[in-house]
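# Reading the structure
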Amino acid sequence: MMPRPLEHLLTALTDPASVGELRLGDWDALLRVARVASLEARLHALLQERDLFDRVPARPRRHLEAAGRVAAEQHHRMRWEVEQVHEALAARKAPVVILKGAAYLMAGLPSARGRLFADLDIMVPRPALATTEHVLFTRGWLAQGHDEYDQTYYRRWMHELPPLTHIRRKSVLDVHHTVLPPTARLHPDPDKLFAAATPLPGWQNLYVLAPTDMVLHSATHLFHDGELENGLRDLVDLDDLVRHFHRHVDGFWPALVDRAHEMDLARPLFYGLRYAAHFLNTPVPATVNEGLAAAGPGVPLRPLMDGLFRRGLAPHHWQCDDWLSPTCRWILYVRSHYLRMPLRLLVPHLTRKAIKRRLAPPEAHA
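The following paragraphs examine the structure supplied in this document. (Residues numbered from 1 in each chain as written. Predicted model: local features only at pLDDT ≥ 70, side-chain atom pairs only at ≥ 80, totals over all residues. Heavy atoms only, no water.)

Strand order in this open sheet of seven strands is 3-4-5-2-1-7-6, and the pairing throughout is mixed. The sheet is open, and its two edges are formed by strand 3 (141-142) and strand 6 (198-199), each paired on a single side. Helix-sheet contacts for helix 4 (residues 58-89) involve strand 1 (96-99), strand 2 (120-123), strand 3, strand 5 (172-176) and strand 7 (206-208), and the interaxial angle to strand 2 is about 30°. (Pairing = 2+ DSSP bridges. Helix = DSSP H or I, 4+ residues; strand = E, 2+ residues; numbered from the N terminus. Contact = heavy atoms within 4.5 Å. Axes fitted to C-alpha atoms, helices over the stretch in contact; angles between N-to-C directions.)

Moving on: empty space enclosed by the protein. On inspection of all chains with the given rule, the structure shows four cavities of 30 Å³ or more. Quantified by volume, the largest cavity comes out at close to 60 Å³. Taken together, S38, L39, R42, S111, R113, G114, R115, L116, R233, V236, D237 and D240 make up the lining of the largest cavity. No other element matches the four residues that helix 10 (residues 231-248) contributes to the lining of the largest cavity. Tallied by class, residues from the lining of the largest cavity come to three nonpolar, three polar and six charged. (1 Å grid on protein atoms, 1.4 Å probe; cavity = no way out; pocket = protein on both sides within 12 Å on 5 of 7 lines; lining within 4 Å. Points joined across faces, edges and corners; volume = space filled by probe spheres on them. Nonpolar A, V, L, I, M, F, W, Y, C, P; charged D, E, K, R; others polar.)

Our focus in this paragraph is the nonpolar core. Core analysis: the biggest nonpolar cluster contains 103 residues, and W27 and L235 have the highest contact counts within it. Ranked by residues supplied to this core, first place goes to helix 12 (residues 266-280) with nine residues. Once you skip the residues sitting within four places of it in the chain, L235 turns out to touch L222, F223, G272, Y275, A276, F279, L280 and L313. (Core = buried A, V, L, I, M, F, W, Y, C linked by side-chain atoms within 4.5 Å. Buried < 20%, exposed > 50% of the residue type's maximum accessible area, 1.4 Å probe, protein only.)

This brings us to the side chain of R259. Here R259 lies in helix 11 (residues 252-262). Only 2.7 Å separates the side chain of R259 from the side chain of D213, close enough to count as a polar contact. Sequence-distant contacts of R259, defined by excluding residues within four places in its chain, comprise K192, L193, A196, T212, D213 and L216. (Polar contact = N/O pair within 3.5 Å; in protein donor to acceptor, adjacent residues only side chain to side chain.)

What follows covers the packing of aromatic side chains. Summed over the entire model, instances satisfying the criterion amount to nine aromatic pairs. Here the aromatic rings of F270 and Y271 are separated by 5.7 Å at their centres, their planes lie at 65°, and the arrangement is edge-to-face. On the basis of relative accessibility, which here comes to 2%, the residue Y271 falls in the buried class. Following the ring pairs from residue to residue traces out a cluster consisting of F223, F270, Y271, Y275 and F309. The ring of Y338 has R185 lying over it, and the distance from NZ or CZ to the ring centre is 3.8 Å. (Phe/Tyr/Trp six-rings, centres within 6.5 Å; stacked < 30°, edge-to-face > 60°. Lys NZ or Arg CZ within 6 Å of the ring centre and 35° of its normal.)

This paragraph deals with the pattern of salt bridges. Using the criterion set out here, one finds 21 salt bridges in the structure. K192 serves as the salt-bridge partner of E262, at 3.3 Å between the closest nitrogen and oxygen. Placement of the pair is E262 in helix 11 and K192 in helix 8 (residues 190-196), with a sequence separation of 70 residues. A relative accessible area of 32% places K192 in the partly exposed class. For D239, the salt bridge identified is with R243, shortest N-O distance 2.8 Å. Placement of the pair is D239 and R243 together in helix 10, with a separation of four residues, close to one helical turn. Relative accessible area serves as the criterion here: at 7%, D239 is assigned to the buried category. With relative accessibility at 26%, the residue R243 sits in the partly exposed group. Each of R42, E49, R113 and D240 takes part in a single network of salt bridges with overlapping partners. (Salt bridge = Lys/Arg side-chain N within 4 Å of Asp/Glu carboxyl O.)

In this approach, a probe sized like a water molecule rolls over the atoms, and the result shows the empty space that is left. Of the pockets and cavities examined, the second largest pocket occupies roughly 320 Å³. Contributing to the lining of the second largest pocket are 17 residues, with Q74, R77, M78, E81 and S171 lying nearest its centre. Of all the secondary structure elements, the ones that give two or more residues to the lining of the second largest pocket are helix 4 and strand 5. With seven residues, helix 4 is the single largest residue contributor to the lining of the second largest pocket. Residues that form the lining of the second largest pocket fall into these classes: nine nonpolar, three polar and five charged.

Here it is in structure tokens:
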């Protein structure tokens with residue numbers, strides 16, 4: 001049975017008119033859970049968009065308005081960061097693909113409504129990685145706070161550079177060369193992602209992923225990431241993307257299934273659509289589920305994965321947790337690393353991280 005605050009939040013997100021039935025106590029729990037899930041500003045945007053904000057009582061309305069202002073400021077800053085990256089890299093021949101939340105914002109997609117950002121993610125071809133990093137370095141983006149092991153780990157095994165922090169603005173830039181580490185069990189072809197990317201009108205050499213690839217990347221990022229604090233927020237992104245592209249892209253669903261198999265990403269898409277339907281009633285055609293069925297886990301494993309993800313994707317708040325939630329999150333954290341690297345790398349890597357965390361000063365865990 002779903003916790004009542006989570007049920008209220010999901011209902012508000014999928015049927016915003018339902019907020020008129022909430023009592024003040026319901027609003028209190030809903031907003032606490034929405035804030036933890038980074039969905040408070042999203043709810044504010046939906047209510048404003050549908051002229052339903054007057055149904056919100058005065059006290060919760062103030063919280064939603066504040067969240068909306070935070071999101072608006074973040075959107076302004078993200079556009080500025082994209083402009084700065086574009087200015088630095090536009091003259092080069094290598095394409096620059098904007099990823100995730102910034103891509104939704106720059107492409108004007110519905111999933112940008114009330115979307116909060118932690119950093120800017122871009123992707124460039126691997127042969128251009130070194131020169132891209134050098135150009136960004138001259139503009140103030142530095143890989144700070146990483147020891148020799150971390151630097152080697154990122155540059156040898158991962159699908160991205162160490163996070164770059166701007167020396168003045170302190171904004172964070174993640175530079176990818178593909179969407180999964182080369183050591184991962186799945187092997188999407190980055191050349192195909194670049195070949196299908198969609199140019200952003202008015203921006204020289206700046207792109208976003210094609211619609212099917214954007215959905216696949218959303219699902220892959222979510223179901224290969226061990227940090228699920230924003231798991232429900234990312235699932236809302238996925239729900240928004242498929243609803244939007246289904247309406248605006250001809251032949252979207254069969255093209256999505258075909259592309260998932262072509263890119264070796266059918267398993268994360270299976271999970272993404274399964275749990276989007278569970279949490280958000282995402283309308284997935286039966287033919288799509290049939291086309292992905294063979295990519296999902298076997299029948300004996302499926303109930304176990306359901307138990308893990310239905311807890312792991314819920315907001316990390318005590319009102320949404322049960323006694324198994326911390327264990328499920330830990331298992332999903334280990335699973336994410338297992339999917340990204342072989343055991344000969346995984347065991348020493350997780351051991352090192354555990355020791356480093358244990359020796360870190362208390363304020364580092366705050």
